[in-house]
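Per-entry structural report
What follows is each chain in one-letter form.
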Amino acid sequence: MKKYSKLFIAAIVALIFIGTFVFLWRKSQPKPIVYNEFTPVVTDISKTTIITGKIEPRNEVNVKPQISGIITELLKEAGDYVNAGDVIAKVKVIPDMSQLSSAESRVRLAALNLVQAKVDFSREENLYNQKLVSAEEFDKVKQALKQAREEKLAAEDALAVVRDGVSKSNAKASSTLIRSTISGIILDIPVKVGNSVILSNTFNDGTTIASVANMNDLIFRGNIDETEVGQLVQGMPMKITIGALQDMNFSASLEYISPKAVESNGANQFEIKAAVRLLKGSKIRSGYSANAEIELASAKGVLTVPESAIEFSGDSTFVYVVQGQPGAQEKTYERKRVVTGLSDGVNIEIKSGINKNQKVRGPQIVADTKEQ
């Protein structure tokens, strides 16, 4: 019994040894190389490029004060629609002390001149009534009195403007009322009640009270690489996709190509602008990130193959045409030179060299590791 058990164990060991040897031998044998095969297809092909950028209003205006002061009241907020001339904020004037002193001095001097003009007029009037002076001399004194009165009123108005920012004569156009200069949506109000603001002058740009834009006239602004800008012409159609509105596409028309490149990440790029045609009822916010797809070239009804089937050698291109009967286990491939045309990055146009009835060899099929 023990003898049979030993023989049985020895047989099992032998089978395991032989099986392992056969397995390793089969694994060491070269496997046949198998390639993908493609049949040329007649179709339309186009070359497109994607340009990243953002949506902006064509006309965005920063509303700034005409005087320096402190914000006392904000009548509007971001998102409100305003018409040109609507009041956005009120400013309390902080007068410049040198200007205030000069204006007060002008009022005092005008008052003195008016008093003297009245005295001269009264004296000249008495002499005129006694017919001791001519009418011409009397008219001159009368004119001087009128000028003195006007100068006093002007000096008082100037003082009121310096001190309060508004006078009786210009109450309707008060510079303490900050008005919108265009009609549109208020995009931002970067100030708060109590903030100090300054007017624009040669030394600074002034404080922005509000940014207002017409949101019905939007443009797409982006940059395109110098290798592609030569294929663009004004008026080309574009398709705009906004990241925040994935289910909506907008059409646009290219209207501006910058004549000067700017360097970005080591590459020369050119700025472009396109007018966006809005859909009825769509609400687009300023600054949305967007992608613009633009067709650079197209070919209709041409013979195409996957670009992976093309062999590039210098300035020439080749394909490997499948030889032999369909279903044959042994296949051969004939290398043929072809003339290529437009490529969309996946498929490429074949102008000559093969016909639509010939199959071409593609990349090698790599077996899955698990199957091995």
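Residues numbered from 1 in each chain as written. Predicted model: local features only at pLDDT ≥ 70, side-chain atom pairs only at ≥ 80, totals over all residues. Heavy atoms only, no water.

Here's the deal with the pattern of salt bridges
Taken as a whole, this structure holds ten salt bridges when the rule is applied. Glu271 is paired through a salt bridge with Arg221; the nearest N and O atoms lie 2.8 Å apart. Pair noted here: Glu271 is in strand β14 (residues 267-277) and Arg221 is in strand β11 (residues 218-225), with a separation of 50 residues, a long-range link. Judged by relative accessible area, Glu271 falls into the partly exposed class, the value being 23%. Judged by relative accessible area, which is 26%, Arg221 ranks as partly exposed. Across the salt bridge formed by Lys239 and Glu293, the nearest N and O atoms sit 3.9 Å from each other. Pair noted here: Lys239 is in strand β12 (residues 237-242) and Glu293 is in strand β15 (residues 289-306), with a separation of 54 residues, a long-range link. Overall, Lys239 belongs to the partly exposed group, its relative accessible area being 39%. Salt bridges here are not isolated pairs; linked through shared partners, they connect Glu56, Arg221 and Glu271. (Salt bridge = Lys/Arg side-chain N within 4 Å of Asp/Glu carboxyl O. Helix = DSSP H or I, 4+ residues; strand = E, 2+ residues; numbered from the N terminus. Buried < 20%, exposed > 50% of the residue type's maximum accessible area, 1.4 Å probe, protein only.)

So, the pairing of strand β18 (residues 332-343)
By the bridge criterion, seven bridges tie strand β17 (residues 316-323) to β18 in an arrangement that is antiparallel. Note that in β18 the partner of Val322 across the bridge is Tyr333. Pairing of β18 with strand β19 (residues 347-352), which is carried by three bridges, proceeds in the antiparallel orientation. Bridging from a neighbouring strand, Thr340 pairs with Ile350 of β19. Between the antiparallel neighbours β18 and β19 lie three residues, among them Gly345 with a positive phi of about 95°. (Pairing = 2+ DSSP bridges.)

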